[in-house]
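Reading the structure
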Amino acid sequence: MTSPRLEPWEVFRQEKDGAPMQHGGSVMAPDRELATHYARELFGRRQESVRLWVVKRADIVDLADQDLLQPPLDRSFKKPGGYVMRDKLAAARVVSGQSKPKARSK
Amino acid sequence: MSVAAVPGVAVGELLRSMADDEFVIGFSDSEWTGIAPQLEEDVAISSLAQDEIGHAAALYALLGELTGEDPDAIAYDREPVAYRHCRLLDHRRGDWAMTIARRFIYDTADGVRLEALAGGSWAPLADLVGKLVREERYHRMHASVWLDRLACGGDEARSRLLAALTTLGPDAATVFSPLPDEAALIEAGILASPMPELETRWRTAIGPTFATLDLPMPPPARDLAHGRLDHGEAFAWLWHEFNTVRASEPGVTW
C-alpha cells in the first residue's frame, strides 16, 4: 500500500465570538480528521481561536476569471457614489414613521 | 475538607506518581521535535509534549504546596531512583509506532485515573483534575487517530505497531501500580476506587478499539508491585537529557 497522499486544507479562524471568520493559512494532511488535528495545533494551540473552519482546498470554488471579476468596460454606473443615501433614508423614515435602527448587536 | 484532614503522605505519593508520569512522557515525546513524520505532525506532537510538561508543572506545584519544596527542585533535582513514573514510560522513544502505542495506552489509562479523581474530596486536586480532563480529551483523540492509521495502514505500519505493543504490553498496566497507602486516599474520598478496579475499567474501555483493529490486548503487568520503581537504563539516559541545562549552572535563574 502506498502512503496516503497529503493534500492542502485551508483553515479559517474566528478570534472571538461574533468576529468574522478569517483565512489563517493552510495545512497539509492525508484526510479530514488529521487536517482537523493539525488545524487545531497550528491555529488554536495558543488559545488564539474560538472556532476553526477546515476546508479541503480542492473543494473550494476558485473564481479568478478576470472577464467576470474585472470586466473591461466602464462600470462606474454600478457604483452608488452618485447617491447620498443618508438623506433618502431619513426621508423614508419620516414617511413610514419608523425610527432609526440601533446598531446591530452580535 | 480542610488541608489538615488530608492524608498528606498518601496524597504526596499520588501527586508524585502522576506528575512524574506526565513529566516523563512529555520529555520522551519532545524527542520528536524536528524529526516527526511530517511538519504538521511535528508541531502537533511537540505541542502535546508541552501540554504534558504543563500538567506536570501544575501537579508538582500542588505537591510543593503540600511539602514546602520548590516544584522545580522536585522535578529536576532527584536522582533517577526517586522518580515514581510507571514502567510503561521506561522505554526508549523508538519509532513512531512505539510512540503512538505508548501514547494510546497511557492516555486511555490516564483518562480512567483522572475520572477516579474528578470530584474528589480534596478541592485543590479535584479542581486541577477538572482542567486536566478537558485537555487530555484532545490527547486521546490524537492517539486514536494514529492508532487507527497504523493498524490499518498497510503491512509495515501494522507490523511496527504490533512490535511496539509486544514490547510495551507487559508494562501497559503499570499505570495502575498500587500506590503506597492507597487505602487512605480512598478512605478520605480523594480516589474513588482502588487501582485494580481502575485497571479493569481501563481494559473495558480499550477492549472495543483493540477488537475492532484486531490488536492483542496488553497482558497482565509483570511485577506490578514494582511498577513505579527500578527505572533502568532508558530512563537514566532521559534523566540526563532533561537535566543537562539545569545541571550546567546549578541555582541560576533562567
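Because the structure is a prediction, the values reported are computed rather than measured.

1. Some points on the overall build of chain A
Each helix and strand in chain A was counted, giving three helices and three strands. Against the 2.2 N^0.38 benchmark of 13 Å for 106 residues, chain A shows a C-alpha radius of gyration of 22 Å, more extended than a compact globule. With the principal axes as the frame, chain A shows a C-alpha extent of 70 × 40 × 20 Å. Counting all 106 residues of chain A, 15% fall into the buried class. Taking as baseline every contact in chain A between residues at least 6 positions apart, the subset at least 24 positions apart corresponds to 47%.

2. Observations regarding the overall build of chain B
The helix and strand inventory of chain B stands at nine helices and zero strands. Along chain B, from the amino end to the carboxyl end, the secondary structure elements read α-α-α-α-α-α-α-α-α. The C-alpha radius of gyration of chain B comes to 18 Å, within 12% of the 18 Å expected for a compact globule of 254 residues. In terms of its C-alpha atoms, chain B occupies a principal-axis envelope of roughly 55 × 45 × 30 Å. When each of the 254 residues of chain B is scored for burial, the buried share is 40%.

3. Thoughts on the interface of chain A and chain B
Contact with chain A, which involves 11 residues of that partner, is made by seven residues of chain B. Of all elements in the fold, only strand E2 (22-29) and helix H1 (32-44) of chain A reach the threshold of two or more residues within the side of chain A that touches chain B. For the side of chain A that touches chain B, the leading source of residues is H1(A), giving six residues. Among the residues forming the side of chain A that touches chain B, the class breakdown is seven nonpolar, one polar and three charged.

4. Here we look at the sheet that holds strand E1 (residues 7-14) of chain A
Residues and elements named next belong to chain A. An order of E2-E1-E3 is seen for the three strands of this open sheet, with the pairing classed as antiparallel. Whereas interior strands pair on both sides, the edge strands pair on one side only; in this sheet they are E2 and strand E3 (51-56). Taken pair by pair, the neighbouring strands of this sheet meet at an average axis angle of 30 degrees, ignoring direction. Both E1 and E2 contribute to a ladder of seven bridges, which runs antiparallel.

5. Looking at the packing of H1(A) against helix H2 (residues 39-67) of chain B
Between H1(A) and H2(B), whose axes approach to 9 Å, the crossing angle comes to 65 degrees. Taken together, the axes of H1(A) and H2(B) lie roughly perpendicular to each other. Both H1(A) and H2(B) take part in a crossing whose hand is left-handed. Contacts between H1(A) and H2(B) involve A:His37, A:Tyr38, A:Glu41 and A:Leu42 from the first element and B:Glu40, B:Val43, B:Ala44 and B:Ser47 from the second. Classifying every residue of the contact of H1(A) with H2(B) gives four nonpolar, two polar and two charged.

6. Topic: the confidence of the model for chain B
Low pLDDT marks regions whose predicted coordinates should not be analysed in detail. Looking at chain B as a whole, its pLDDT mean stands at 94, while 98% of the residues score no less than 70. Interface predicted TM-score (ipTM) for the complex: 0.75; the corresponding pTM is 0.86.

7. Description of the nonpolar core
In terms of nonpolar packing, the biggest core is built from 61 residues, with B:Ile100 and B:Ala101 touching the most fellow members. Breaking this core down by element, the ones donating at least two residues are helix H1 (8-30), H2, helix H3 (71-76), helix H4 (96-117), helix H5 (123-151), helix H6 (155-172), helix H8 (195-212) and helix H9 (232-248) of chain B. Every residue in contact with B:Ala101, bar those within four places of it in the chain, is listed here: B:Leu161, B:Ala164, B:Leu165 and B:Leu168. With 13 residues, the next largest nonpolar core counts A:Val11, A:Ala35, A:Ala39 and B:Ile45 among its residues.

8. Re H1(B)
Count 3.6 residues to each turn of an α-helix, and residues three or four apart come out pointing the same way. Counted at 1.5 Å a residue, the expected span for H1(B) with its 23 residues is 33 Å, and the 32 Å between its end C-alpha atoms agrees. Among the 23 residues of H1(B), 18 are classified as buried, and the element is accordingly described as predominantly covered.

9. Some details on H4(B)
Residue and element names in this part refer to chain B. Between its first and last C-alpha atoms H4 spans 31 Å; for 22 residues at 1.5 Å apiece the expected length is 32 Å, and the two agree. Most of H4 is tucked away, with 20 of its 22 residues classed as buried. Where H4 terminates, the next one or two residues include Gly119, which has phi positive at roughly 75 degrees.

Cut-offs and rules
- Residues numbered from 1 in each chain as written.
- Chains lettered and ligands numbered in written order.
- Predicted model: local features only at pLDDT ≥ 70, side-chain atom pairs only at ≥ 80, totals over all residues.
- Helix = DSSP H or I, 4+ residues; strand = E, 2+ residues; numbered from the N terminus.
- Rg over C-alpha atoms; globule rule 2.2 N^0.38 Å.
- Buried ≥ 20, exposed ≤ 12 C-beta atoms within 10 Å, placed from the backbone.
- Contact = placed C-beta atoms within 7 Å.
- Nonpolar A, V, L, I, M, F, W, Y, C, P; charged D, E, K, R; others polar.
- Pairing = 2+ DSSP bridges.
- Axes fitted to C-alpha atoms, helices over the stretch in contact; angles between N-to-C directions.
- Parallel < 35°, antiparallel > 145°, perpendicular 65-115°, else oblique.
- Left-handed = near helix turned anticlockwise from the far one by under 90°.
- pLDDT = per-residue confidence, 0-100.
- Core = buried A, V, L, I, M, F, W, Y, C linked by C-beta atoms within 7 Å.
- Expected span 1.5 Å × (residues − 1).

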